[in-house]
Amino acid sequence: MNKKTQVDAIREVFQFGIGIIFLIGVFYFLYNTLIPQIETYALNLQLENIAEHVNYIISELYKSSSQSLVSSTENKYLMPENVGDYPYFVYLSDEELCSGIKDLNLEKCTPLLLDSRYQGIFFSGGEIKIIITYTETDSLINIGN
């Protein structure tokens, strides 16, 4: 075997090794940096969708309750078991409806544009129970499991 062939073989081995190291570096970057950011972004979108969905349900239920002078309405709606693989919660606070994932410290809120008092918290899975008590002078919106 001549020296030129040996040099070519060694160069091929080094190029292959550098290529493997480069691929490992790219996969490491994707796995540790980019994928968690994409997961957080997707979970935030899902939390926002849940908050807006519950907000819409409350608004529609409130609209039908406010048609009479005094009413009390209670409905249940099926909600997703988890967001991603994480349990979530939905609560009413300071004229906002918020949904969040405690394990990841994520939370998304949407304003409630109803003139009412609010209370309650819903923990993921099963049905959300929404109770609206409406009178001419006061109204109360309560959510829970």
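Not measured: the values here are computed from a predicted model.

(A) Representation of the packing of aromatic side chains in the model. One pass over the full model with this rule turns up 3 aromatic pairs. With centroids separated by 5.8 Å and ring planes inclined at 85°, the aromatic side chains of tyrosine 62 and tyrosine 134 adopt a geometry described as edge-to-face. Here tyrosine 134 lies in strand β6 (residues 127–134) and tyrosine 62 lies in helix α1 (residues 3–65), a separation of 72 residues in the sequence. Tyrosine 134 carries the same exposure label as tyrosine 62, and that label is buried. Each ring, one from phenylalanine 89 and one from tyrosine 91, has its centre 5.8 Å from the other, and the planes form 25°; the classification is stacked. Look at phenylalanine 89 and you get buried, because its relative accessible area is 15%.

(B) Spatial organisation of the state of the cysteines. In total, this model carries 1 disulfide according to the counting rule given. The partner cysteine of cysteine 98 in its disulfide is cysteine 109, sulfur to sulfur 2.0 Å. Taking the sign of the S-S torsion, 110° for the link of cysteine 98 and cysteine 109, the bridge is right-handed. Here cysteine 109 lies in strand β4 (residues 106–111) and cysteine 98 lies in strand β3 (residues 96–101), a separation of 11 residues in the sequence.

(C) Spotlight on the sheet that holds β3. Strand order in the open sheet formed by 7 strands is β1-β6-β7-β5-β2-β3-β4, and the pairing between neighbours is mixed. The strands lining the two open edges of the sheet, one partner per strand, are β1 (71–78) and β4. Between one strand and the next, the sheet's axes are offset by a mean angle of 15°, whatever the strand orientation. The sheet contact formed by β1 and β6 spans 8 bridges and is antiparallel. Residue pairing in the sheet places serine 72 in a bridge with threonine 133 of β6.

(D) Seen up close, the pattern of salt bridges. Considering all chains together, one arrives at 3 salt bridges under this definition. Residue arginine 11 pairs with aspartate 8 through a salt bridge whose shortest N-O separation is 2.2 Å. With a gap of 3 residues between them, arginine 11 and aspartate 8 both fall in helix α1, about one helical turn apart. Judged by its relative accessible area of 44%, arginine 11 falls in the partly exposed class. A salt bridge links lysine 63 to glutamate 60; the shortest N-O distance between them is 3.3 Å. Taken together, the residues lysine 63 and glutamate 60, both in helix α1 and 3 residues apart, mark about one turn of the helix. On the basis of relative accessible area, lysine 63 is assigned to the partly exposed category, the value being 45%.

Reading guide: rules and limits
Residues numbered from 1 in each chain as written. Predicted model: local features only at pLDDT ≥ 70, side-chain atom pairs only at ≥ 80, totals over all residues. Heavy atoms only, no water. Phe/Tyr/Trp six-rings, centres within 6.5 Å; stacked < 30°, edge-to-face > 60°. Helix = DSSP H or I, 4+ residues; strand = E, 2+ residues; numbered from the N terminus. Buried < 20%, exposed > 50% of the residue type's maximum accessible area, 1.4 Å probe, protein only. Disulfide = S-S within 2.5 Å. Pairing = 2+ DSSP bridges. Axes fitted to C-alpha atoms, helices over the stretch in contact; angles between N-to-C directions. Salt bridge = Lys/Arg side-chain N within 4 Å of Asp/Glu carboxyl O.

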